[in-house]
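Spelled out from the first residue to the last, the chains are:
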Amino acid sequence: MDRPLADPLQRLATQDIFLGTSSWKYPGWLGSVYTPERYLHRGKFSKSAFEKNCLNEFAETFPTVCGDFLFYQFPTQPMIDQLFSQVPQGFHFAFKVPEDITVKRFPSHPRYGDKGGINNPFFLNAEVFLDGYLEPLKKYRYQITLIFEFGAFHEIDMPDATTFVRHLDKFLNELPEGFRFSVEIRNEEFLVDEYLACLKEHGVSHVLNAWSRMPSIEEQIQIPGILTADFIVFRGLLRKGRLYAEAVSKFSPYETLQEENKETRKAMRQLISHARQNEMPLFGYLNNRFEGFAPGTIEALIAPE
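This structure is a prediction, so every number in the text was calculated from the model and none was measured.

Chemist: Whenever I open this one, the pattern of salt bridges confuses me. Can you help?
Modeler: A side chain with one charge may pair with a side chain of the opposite charge, provided their charged atoms come close. Per the counting criterion, the structure on display carries 21 salt bridges. As a salt-bridge pair, glutamate 60 and arginine 3 come within 3.3 Å of each other at their nearest N and O atoms. A residue pair is termed long-range when its members are at least 10 positions apart, and glutamate 60 in the loop between α2 (47-58) and β4 (64-67) and arginine 3 in the segment before α1 (6-13) qualify at 57 residues. Taking the relative accessible area as the measure of exposure, arginine 3 reaches 16% and is therefore buried. Lysine 96 is the salt-bridge partner of glutamate 149, the closest N and O atoms lying 2.7 Å from each other. Of this pair, glutamate 149 sits in strand β6 (residues 144-149) while lysine 96 sits in strand β5 (residues 92-96), placing them 53 residues apart in sequence. Linked by salt bridges that have partners in common, Asp68, Lys96, Glu149, Glu184, Arg186 and Arg235 make up one network.

Chemist: So what exactly am I meant to see when it comes to the pairing of β4 here?
Modeler: Regular strands have side chains that alternate between both faces of the sheet. Along β4, one buried face is formed by Thr64 and Cys66 and the opposite face, lined by Val65 and Gly67, is buried too. Pairing geometry for strand β1 (residues 17-22) and β4, over 2 bridges, is parallel. For serine 22, the partnering residue across the bridge sits in β4 and is cysteine 66. Following the chain from β4 across helix α3 (residues 77-85) to the adjacent parallel β5, one finds a crossover that is right-handed.

Chemist: Can you walk me through unusual backbone geometry in this structure?
Modeler: Outside of glycine, negative phi angles account for most residues, and trans bonds account for most peptide bonds. Following serine 252, the chain continues to proline 253 via a peptide bond in cis, the omega torsion being 10 degrees. Positioned with a positive phi, glutamate 279 is a non-glycine residue whose angle comes to about 55 degrees. You can see glutamate 279 is positioned in the loop between α10 (262-277) and β10 (282-286). Exposure remark for glutamate 279: the relative accessible area of 74% places this residue in the exposed category.

Chemist: It is not clear to me how the environment of glutamine 82 should be interpreted in this structure. Could you clarify?
Modeler: Here glutamine 82 is to be found in helix α3. The partly exposed category is assigned to glutamine 82, whose relative accessible area is 42%. Put simply, glutamine 82 and proline 63 are 19 residues apart on the chain and 17 Å apart in space, counted from C-alpha to C-alpha.

Chemist: Explain the sheet that holds β4 here, please?
Modeler: Sheet strands associate in pairs through backbone hydrogen bonding, adopting either a parallel or an antiparallel arrangement. Read around the closed barrel, 8 strands run β1-β4-β5-β6-β7-β8-β9-β10, paired in parallel fashion. The mean inter-strand angle of the sheet, taken between neighbouring strand axes irrespective of direction, is 25 degrees. Against the sheet, α3 makes contact with β5 and β6, and its axis sits at roughly 145 degrees relative to β5, the strand it touches most.

Thresholds, definitions, all that
- Residues numbered from 1 in each chain as written.
- Predicted model: local features only at pLDDT ≥ 70, side-chain atom pairs only at ≥ 80, totals over all residues.
- Heavy atoms only, no water.
- Salt bridge = Lys/Arg side-chain N within 4 Å of Asp/Glu carboxyl O.
- Helix = DSSP H or I, 4+ residues; strand = E, 2+ residues; numbered from the N terminus.
- Buried < 20%, exposed > 50% of the residue type's maximum accessible area, 1.4 Å probe, protein only.
- Pairing = 2+ DSSP bridges.
- Right-handed = clockwise from strand over helix to strand, strands pointing away.
- Axes fitted to C-alpha atoms, helices over the stretch in contact; angles between N-to-C directions.
- Contact = heavy atoms within 4.5 Å.

Structure (structure tokens):
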């Protein structure tokens, strides 16, 4: 299969500019990112073969990917070893930290069973994080960026930015050196000086996120001190004002680019340009729910203007 994105993305990766997608197991990408013939069993497409093996083909084009699945589970050593065995040396993963570390109160939702609606005893628990999550990642730490994604807090659980920063600062104080850590928030009111100062003190990157209820990336890059570390992380998730379920309904099965978010693309290009000029590593991840087809968004980002 012709891979027009592979060469330009690999050239950028040699400059520490890593652009990839959020997750990779999308059958809608068959024929564009993936070769259908690789996943046939007895002449028919095999979903199990695809999900088991498609990371290897993904890495033939992209130099990085965000592993959203670790938001829902703690990693094991065999799991992580298996992932890295499927990609070339130098491939980079961004992994979300499990919600068992970042959720203050579990939502009242059937998925959470008996935990629904109760306070999380492991919220920002450094011991649980270090032993249960970080240990299997240690030998790959130079190929990993970790994202602490904090969903929108209700006021009863986290009344203000000062309270959040106090919890966060205590937690970050206990983390080891040698990993790239980043923080993504979903409360616009937490995007204040004391939050940014806390991240900068610990060398942790603020994740510039395009999400429904956050300032757009083009707005965030105007905030003084928004780049809090010696590396940059951005994620294109949703157009501002659009809910997740609406994006899924509008864009799935994610086969083609369906709309353009020109202003946010421009802001992402500015971040890439800043990183290249200042020799800062950058890790940018695009989601299908952003414009309908994450590989197409990446192609548009790196195309000559």
